[in-house]
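A look at the structure
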Amino acid sequence: MSDQLPISETFVSIQGEGKLTGVPSWFCRLSGCNLRCTWCDTPYASWEPEKTLRLIDELVDEAVSSGVKHAVLTGGEPMLFEGLVALSRKLTDAGLHITVETAGTLVLPGLSCHLMSISPKLANSTPTDDPRDPSGAWAKRHEERRLNFGAINELIASSLDCQLKFVVSEPGDLAEIESVLDGIVGYQQSDVMLMPEGVTVPDPDSIRWVVDECLARGWSYCPRVHVQLFGDTRGT
Ligand code: SF4
């Protein structure tokens, strides 16, 4: 097993999304993804991956010396990298709470995870006619890969807690979310989160429908607090 991982960035900030919003956390962004969402907000870890190979032990030392008690292992798609298992275990042994942020298309046996944060990708993510994909090869690959119910269910079963974050663009996405949820087991309604698409703070009127759908279904509304506080900037 490799003792290194391809890292796009590490930083300390507050968690901006999901159940642990506001919690001081050490973020470790792995570079590389098996999908190509057209609205990806970290293209430097997917469309144009930037990376530095870093030793796992060095990453653990950095996380521990940061003083925070929560680690967020994100990407890109962190599940692509076998070394994530060792990183997650060493961080757990050091007393940190582990969140893994994944699209839920892959499983890494042996991972140590307290909160599995899964963001299943809807059809609105497919890079159809995206200028970064002139041949359409990524759009095809993305469509083939974006939903893997076996992996999602295994990830939920293997973790102490989970959340299912859906990026929504329009009310028409709701029927697809319900259809996706039909294939998933082991979650509570409040684990389902709707997050409006975009990298700016949304106008309240434009996202009122998202809030109303959450109220009607017992789902959670998921803001991006880091965007409210820091804008669309790296390292936040
Ligand atoms: S899965 Fe995440 S990192 Fe990968 S392309 Fe989609 S939004 Fe970007």
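My aim in this report is to walk through the structure given alongside it, one point at a time. (Residues numbered from 1 in each chain as written. Predicted model: local features only at pLDDT ≥ 70, side-chain atom pairs only at ≥ 80, totals over all residues. Heavy atoms only, no water.)

1. A short note on the layout of surface pockets
Here the largest pocket is characterised by a volume of approximately 890 Å³. As for the largest pocket, its lining consists of 43 residues, of which Glu17, Arg29, Asp41, Thr42 and Gly75 are closest to the centre. Of all the secondary structure elements, the ones that give two or more residues to the lining of the largest pocket are strand E1 (4-14), strand E2 (24-30), strand E5 (97-102), strand E7 (161-168) and helix H7 (225-230). Ranked by residues supplied to the lining of the largest pocket, first place goes to E1 with 3 residues. Among the residues making up the lining of the largest pocket, the classes are represented as 14 nonpolar, 16 polar and 13 charged. (1 Å grid on protein atoms, 1.4 Å probe; cavity = no way out; pocket = protein on both sides within 12 Å on 5 of 7 lines; lining within 4 Å. Points joined across faces, edges and corners; volume = space filled by probe spheres on them. Helix = DSSP H or I, 4+ residues; strand = E, 2+ residues; numbered from the N terminus. Nonpolar A, V, L, I, M, F, W, Y, C, P; charged D, E, K, R; others polar.)

2. Some remarks on the pairing of E1
Judged from the 4 bridges that link them, E1 and strand E3 (residues 52-55) form a sheet pairing that is antiparallel. Looking across to E3, one finds that Pro6 is bridged to Leu53. With 7 bridges joining them, E1 and E2 adopt antiparallel strand pairing. The partner of Val12 across the bridge, within E2, is Trp26. (Pairing = 2+ DSSP bridges.)

3. Regarding the nonpolar core
Residues Leu87 and Leu164 are the most contacted members of the largest nonpolar core, which totals 47 residues. In terms of residues, this core owes the most to one element, helix H2 (residues 83-93), which gives 5 residues. With near-sequence residues (within four places) excluded, Leu87 lies in contact with Leu5, Cys28, Ile56, Leu59, Val60 and Leu73. (Core = buried A, V, L, I, M, F, W, Y, C linked by side-chain atoms within 4.5 Å. Buried < 20%, exposed > 50% of the residue type's maximum accessible area, 1.4 Å probe, protein only. Contact = heavy atoms within 4.5 Å.)

4. So, the site of the ligand
Every residue lining the ligand is accounted for by Cys33, Leu35, Arg36, Cys37, Trp39, Cys40, Thr42, Ser46, Gly76 and Lys121. If you map the ligand onto the pockets, it falls in the largest pocket. Split by residue class, the shell around the ligand holds 5 nonpolar, 3 polar and 2 charged. (Near = heavy atom within 4 Å. Sits in = over half its atoms within 2 Å of the grid points.)

5. Observations regarding the sheet that holds strand E8 (residues 192-196)
Overall, mixed pairing links the 9 strands, which are arranged E3-E1-E2-E4-E5-E6-E7-E8-E9 in an open sheet. Taken across any chain shown, the strands that pair with only one partner, and hence form the sheet edges, are E3 and strand E9 (220-221). Along the sheet face, helix H1 (residues 56-66) touches E1, E2 and E3 and points at about 75° away from the line of E3. (Axes fitted to C-alpha atoms, helices over the stretch in contact; angles between N-to-C directions.)

6. Describing the side chain of Ser117
Mapping Ser117 onto the fold places it in strand E6 (residues 115-118). Look past the residues within four positions of Ser117 in its chain and what remains in contact with it is Thr99, Val100, Glu101, Thr102, Gln163 and Lys165.

7. Considering the environment of Lys121
With respect to the element layout, Lys121 can be found in the loop between E6 and helix H3 (137-145). Residue classification places Lys121 among the buried residues on the basis of a relative accessible area of 10%. Residues Lys121 and Leu35, spaced 86 residues apart in sequence, show a C-alpha to C-alpha distance of 9.3 Å. Here Ser119 takes part through its backbone oxygen, which lies 2.8 Å from a polar atom of the side chain of Lys121. (Polar contact = N/O pair within 3.5 Å; in protein donor to acceptor, adjacent residues only side chain to side chain.)

8. Some remarks on the state of the cysteines
By the definition in use, this model includes 0 disulfides. Lacking any disulfide linkage, Cys222 is separated from the closest cysteine sulfur, that of Cys214, by 9.2 Å. On the accessibility criterion, Cys222 (2% relative accessible area) is buried. (Disulfide = S-S within 2.5 Å.)

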